[in-house]
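# Descriptive analysis of the structure
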Amino acid sequence: MSLIEAPSTPLHVLRTHKDPVNALFCSRDNERIYSGDAKGRIVISSTRSLRPIADWLAHTDAILGVEELGENQIITHGRDNKIHVWERPEQSVAIRQVGAATLTESSAPTLCYSMDVNALNYCRFSLLPLSSSDETNALLAVPNLVESSQADVWTLPSRQRLHAAIGDSQRTSSKFSDGRAGNKTGISPCYTPTMQSFMSSGIIMAMHLFHLPSHAVANGTLNLLCAYEDGGVILYRRIAPEGTQTIEGRGWEMIWRSKLHMESVMAMAVARDGSFALTVSADNLVGKYDLVSPSKLPFPKTASPGTVFRTKQPGNGAIAIRGDGRVCAVGGWDGKVRLYSTKTFKSLGTLVHHKQACQALAFASSLDIGPCEVVDDDEEDMTPQEKLQRSRWLVSAGKDARVSIWALMSFEKRS
């Protein structure tokens, strides 16, 4: 990929929020943009009309994450220690094309159910659908209810805790905890002397629950990737039989631990195919982690699954990976969004618009649109080429309460 001039200004700027925007999500069909702010408000915007479909106060504190759950539900996570699942509002063709002039709290969708969670970490949930036919059946990873250095996995919609305290391989004997104990006394089954300096991780800052791709060793096995307060990243793998309920971290093993950052991990993104992950921090480093190759025990003393890439700009708080895994976007505390090749980390350009820190990024979903694709009656107003252009959007948001939509090029090699 060669360096291509980035767009000088956003294609669109949405001004639907009055407070800093912390979370973004693009629907799989690229019809909706979800944004959540520091006051707990969620806005669903149409990508056609660029107007709100729904706007409501979903939480009483800042939004940590928002995502679609299947085709008809939305899951939101707030600093109020709550996770809510809502019915997704109907989006008629008229609304998509024209938009609503004004919205009130009456536009709030119906609440399906809620869960109490631990939001001390500022760590958002990780959602893993269990079935392509019914994606409302899913696994949900969140920080442990008591220890913010450990993780729990719940089943949805039953809200039953399937795995508790992942990361607590040997239970601590302390009777009291402030929730920041880390794994100072918990030693992994794959512990080696070279990992002795890694035994105090702090609280979890980001997590991702996934299955390894089909071509990987131990494919189909449930994995949990956690990024920590000390700058380290740990990959855990379930060894308990599928469907078996586990407690106190039992039934899970630590595959590897890599510490590339000197400061807390501020954001983590995992490629859609689960092959690698990227992290950013207050430093000028981007960490890249191979999630496929280093999967055998014991952990090699000399090998590391992590690779460091140095950038010119310290202080980064958001990162996202494009659907094909070839391009990533890094949001800086200076408000700029920097684009890189995920293979070489060569710069692909810088997007300048936000006046304050960029806190959230989301790529539109990649679409494979052929020239003879059949278009639904509802979508006659959009050509396949227009859909393709929309699939190249990047959405950014930050402390300035603006949601910016950027039209990127394909970044394909030119002959």
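Here, the structure is the one placed above.
Residues numbered from 1 in each chain as written. Predicted model: local features only at pLDDT ≥ 70, side-chain atom pairs only at ≥ 80, totals over all residues. Heavy atoms only, no water.

### Remarks on the pattern of salt bridges
- Under the defined criterion, the tally for this structure stands at 13 salt bridges.
- Between Arg250 and Glu248 there is a salt bridge, and its shortest N-O distance comes to 3.3 Å.
- Note on Arg250: relative accessible area 42%, which makes it partly exposed.
- Each member of the salt-bridge network shares a partner with another, and the members are Asp29, Arg32 and Glu68. (Salt bridge = Lys/Arg side-chain N within 4 Å of Asp/Glu carboxyl O. Buried < 20%, exposed > 50% of the residue type's maximum accessible area, 1.4 Å probe, protein only.)

### Observations concerning the packing of aromatic side chains
- One pass over the structure, following the stated rule, counts five aromatic pairs.
- For the pair Phe25 and Tyr34, a centre-to-centre distance of 5.9 Å together with 55 degrees between the ring planes defines the contact as tilted.
- Note on Tyr34: relative accessible area 0%, which makes it buried.
- Judged by centre distance (5.4 Å) and plane angle (70 degrees), the ring pair of Trp56 and Trp86 falls under edge-to-face. Here Trp56, found in strand E5 (residues 52-57), pairs with Trp86, found in strand E8 (residues 82-87); they are 30 residues apart in sequence, far enough to count as distant. Summarising the burial analysis for this pair, Trp56 and Trp86 share the class buried.
- Arg124 extends its terminal NZ or CZ atom over the ring of Phe125, reaching a point 4.3 Å from the ring centre.
- Lys288 extends its terminal NZ or CZ atom over the ring of Phe276, reaching a point 4.9 Å from the ring centre. (Phe/Tyr/Trp six-rings, centres within 6.5 Å; stacked < 30°, edge-to-face > 60°. Helix = DSSP H or I, 4+ residues; strand = E, 2+ residues; numbered from the N terminus. Lys NZ or Arg CZ within 6 Å of the ring centre and 35° of its normal.)

### Regarding the environment of Tyr289
- Relative to the helices and strands, Tyr289 resides in strand E20 (residues 285-290).
- Once residues lying within four places of it in the same chain are set aside, the contact partners of Tyr289 are Val233, Trp256, Ser258, Leu260, His261, Ser275, Phe276, Ala277, Thr279, Pro305 and Gly306. (Contact = heavy atoms within 4.5 Å.)

### Some details on unusual backbone geometry
- At the junction of Leu156 and Pro157, the peptide bond is cis and its omega measures out at 10 degrees in the coordinates.
- In this structure, Pro157 sits in the loop between strand E12 (151-156) and strand E13 (160-166).
- Positioned with a positive phi, Ala165 is a non-glycine residue whose angle comes to about 60 degrees.
- Examined against the element boundaries, Ala165 turns out to sit in strand E13.
- Despite not being glycine, Phe345 has its phi angle at roughly 60 degrees, a positive value.
- Tracing the chain through its elements places Phe345 in the loop between strand E24 (337-341) and strand E25 (347-351).

### Points about the sheet that holds strand E22 (residues 316-321)
- Strand order in the open sheet formed by four strands is E22-E23-E24-E25, with antiparallel pairing between adjacent strands. On the outer flanks of this sheet lie E22 and E25, each paired with one strand and no other. Averaged over all pairs of adjacent strands, the angle between strand axes in this sheet comes to 20 degrees, irrespective of strand direction.
- Pairing analysis gives five bridges linking strand E23 (residues 327-332) to E24, with the strands arranged antiparallel. (Pairing = 2+ DSSP bridges. Axes fitted to C-alpha atoms, helices over the stretch in contact; angles between N-to-C directions.)

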